[in-house]
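# Overview (structure and organization)
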Amino acid sequence: MKRKIFVSLVISLISLNLFAQTAQVRVGLLNGPTCVPASYVMENTTSVSGAGLTFETFADPQALLPKMIKNEIDIGFMPVNVAAKVYNAGNKSIICCAVVGLGNLSLITTDENIRRFTDLKGKTVYVAGQGATPEYMFRYLLKENNMTYAGEKADVTMDFSIPTAQIAAQLISGKIQYAVVPEPFATIAKSKSEKVVAALDFQKEYLELTGEKEIYPLSVMVVRSDFAKENSKLLKEFLSEYEKAVKWTIKNPTASGLLCEKHKLGLAAGVVENAIPVSNYTYVPAVSAKKSIEGLLNLFLEGEKSSIGGKLPDNGFYYKK
């Protein structure tokens with residue numbers, strides 16, 4: 001009897017040990033500016049509550065989403081409207097943990113005559129990210145300035161034909177003259193040519209038009225809803241680590257740039273260092289950011305309801321610890 005009990009205990013301990021070794025939190029990162037603070041976590045955090053951390057990088061949210069839906073990635077990052085659309089259109093399979101980036105959009109140009117949105121009349125503007133915040137925020141700001149962007153007689157023509165990463169080079173070469181981009185692409189363009197200027201600050205215009213005190217959210221961290229229910233301790237610890245990473249990144253742009261380059265997140269160290277001061281990284285828990293998230297999503301609703309799944313997400317979208 002004693003031998004049987006001993007064997008059972010050994011098997012149980014081995015099983016627990018194997019579970020501890022194989023349990024993982026699988027994190028999906030977007031190459032580029034969105035996940036710059038993640039480099040600090042990659043460098044300094046190997047596990048949370050005994051579970052190992054693994055990281056996989058993706059070119060864009062469209063590549064990341066299928067893996068989250070298939071339960072192959074637990075935590076990810078994406079634009080606010082994409083997260084809302086998945087929540088609304090599916091079975092509430094992902095929820096929002098936190099806002100991790102605020103607006104950092106600008107219109108960059110080599111035309112020194114651009115001072116206000118009405119100066120863009122008759123121009124073709126190349127926009128980074130069709131169906132995402134740059135497009136819909138640009139639409140909103142044009143509309144509020146009594147400018148049209150659709151139809152044969154539109155005041156402004158939007159063009160989405162150039163990949164975001166190539167816009168700066170096209171502008172510097174003179175092939176295009178006007179572009180709407182997020183950071184760090186505005187910083188990249190300005191650093192490579194003194195002729196390039198950030199003529200229109202979308203954040204400043206948004207605050208003036210809306211009377212809001214806070215800049216609109218640009219990117220969020222999301223989690224599989226099942227993972228959040230089943231692994232609340234792991235998730236809380238990861239969120240704490242990421243919040244710490246954001247604060248460190250803001251205070252240490254040089255070191256952060258080196259870590260991004262080391263962990264191959266798609267940006268050179270010098271670019272990250274120069275862009276961090278204007279990239280508006282933040283960490284705001286989802287429940288605290290609900291008002292600002294809904295403010296932005298309402299702009300999407302006005303522009304195209306399908307862009308967020310037809311409606312504002314309900315309270316279940318906002319993760320509560």
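Sequence order as written defines the numbering, with residues in each chain counted from 1. Predicted model: local features are reported for residues with pLDDT of at least 70 only, side-chain atom pairs are reported and counted for 80 or more only, and whole-chain, interface and lining totals are derived from all residues. For the side-chain quantities, the full set of heavy atoms in the structure was used; hydrogens and water were omitted.

Once that is clear, we can look at the overall build of the protein chain. Only runs of H or I of at least four residues qualify as helices and only runs of E of at least two qualify as strands under DSSP, and these elements are numbered from the N terminus. Helix and strand counts for the protein chain come out as 13 helices and 12 strands. For the radius of gyration, the atom set is restricted to C-alpha positions; the globular benchmark scales as 2.2 Å times the number of residues to the power 0.38. Taken over C-alpha atoms, the radius of gyration comes to 22 Å for the protein chain, in line with the 20 Å a tight globule of 321 residues would show. A principal-axis box enclosing the C-alpha atoms of the protein chain has dimensions of 90 × 40 × 35 Å. Partly exposed describes any residue whose relative accessible area lies between the buried limit of under 20% and the exposed limit of over 50%, with all areas from a 1.4 Å probe on protein chains only and scaled to the type maximum. Sorting the 321 residues of the protein chain into buried and exposed places 48% on the buried side.

Looking now at unusual backbone geometry. For the bond from E183 to P184, the omega torsion is 10 degrees, close enough to zero to count as cis. Here P184 lies in the loop between β9 (178-182) and α7 (185-192). Not every positive phi belongs to a glycine, and N146 is a case in point at roughly 60 degrees. Examined against the element boundaries, N146 turns out to sit in the loop between α5 (133-144) and β8 (156-159). For N146, a relative accessible area of 71% gives the class exposed.

A score between 0 and 100, pLDDT records how confident the predictor is in each residue. Chain-level pLDDT for the protein chain is 90 on average; 93% of the residues reach the 70-or-more range. Contacts are residue-level and defined by heavy atoms, with any inter-residue pair within 4.5 Å sufficient. For the stretch residues 5-22, pLDDT sits under 50, and the model shows one contact to residues farther than four places along the chain or on other chains.

Before going further, it helps to examine the packing of helix α10 (residues 232-251) against helix α11 (residues 253-262). Comment: axis = line fitted to C-alpha atoms, over the contacting stretch for helices; angle = value between 0 and 180 degrees taken between N-to-C directions. Between α10 and α11, whose axes approach to 6 Å, the crossing angle comes to 115 degrees. For the pair α10 and α11, contact is made by W248, T249, I250 and K251 and by P253, A255, S256 and L259, respectively. Among the residues making up the contact of α10 with α11, the classes are represented as five nonpolar, two polar and one charged. Three categories are distinguished: nonpolar for Ala, Val, Leu, Ile, Met, Phe, Trp, Tyr, Cys and Pro, charged for Asp, Glu, Lys and Arg, and polar for the others, with Gly belonging to the last.

Before going further, it helps to spend a moment on α11. Of the residues making up α11, those classed as buried are S256, G257, L259 and C260. Projected onto a plane normal to the axis of α11, the buried residues spread over an arc of 165 degrees and lie on a single side. Exposed side of α11, more than 90 degrees from the buried face: L258 and K262 are the residues found there. As for α11, its buried residues are in contact with α2 (38-44), α10 and α12 (269-279). The directions considered for the arc are those from the helix axis to the C-beta atoms.

Here we come to the pairing of strand β6 (residues 105-109). Across the five residues of β6, five count as buried, placing the element largely inside the fold. Neither face of β6 is open: one carries L105, L107 and T109, the other S106 and I108, and all of them are buried. Think of it this way: DSSP has to see at least two bridges between two strands before they count as a pair. Taken together, the five bridges between β6 and β9 define a ladder with antiparallel strand orientation. Directly across from I108, in β9, lies its bridge partner A179. Bridge count between β6 and strand β10 (residues 197-201): four bridges; the pairing is antiparallel.

What is meant by a nonpolar core is a set of buried Ala, Val, Leu, Ile, Met, Phe, Trp, Tyr and Cys residues, joined one to another through side-chain atoms within 4.5 Å. Counting residues in each nonpolar core, the largest one holds 89 residues, and the members touching the most others are L120, M137, F138, F202, M221 and Y242. When residues no more than four places from it in sequence are discounted, the contact partners of F138 are L107, F117, L120, V125, V127, T133, V156, M158, V180 and F202. By size, the runner-up hydrophobic cluster in this structure holds 15 residues, among which are L171, A179, V181 and F185.

Okay, the packing of aromatic side chains next. Aromatic pairing here means that ring centres of Phe, Tyr or Trp (its six-membered ring) are within 6.5 Å. Orientation follows from the plane angle: under 30 degrees is stacked, over 60 is edge-to-face, and everything else is tilted. If you walk through the whole model with that rule in mind, you get 11 aromatic pairs. Measuring from ring centre to ring centre gives 4.7 Å for Y136 and F300, while their planes differ by 40 degrees; the resulting arrangement is tilted. Taken together, the residues span a long stretch of sequence, with Y136 in helix α5 and F300 in helix α13 (residues 290-303) at a distance of 164 residues. F300 matches Y136 in its accessibility class, with the two residues each being buried. Aromatic pair F317 and Y318: ring centres 5.2 Å apart, planes at 80 degrees, arrangement edge-to-face.

On to the environment of Y318. By the secondary structure assignment, Y318 is in the segment after α13. Residue Y318 is classed as buried on the basis of its relative accessible area, which comes to 4%. Dropping the residues within four chain positions of it, Y318 is found in contact with C96, A286, V287, K290, I293, E294 and P313.

For S106, the location among the structural elements is in strand β6. Beyond its immediate chain neighbours, meaning those up to four positions away, S106 contacts A179, V180, V181, A186, A198, L200 and F202.

Moving on: the pattern of salt bridges. Oppositely charged side chains are able to pair whenever their charged atoms sit close together. The salt bridge criterion pairs a side-chain nitrogen of Lys or Arg with a carboxyl oxygen of Asp or Glu, the two atoms within 4 Å. On inspection of all chains with the given rule, the structure shows 12 salt bridges. Residue K67 pairs with E72 through a salt bridge whose shortest N-O separation is 3.9 Å. Among the charged side chains, a salt-bridge network with shared partners connects R26, D74 and R224.

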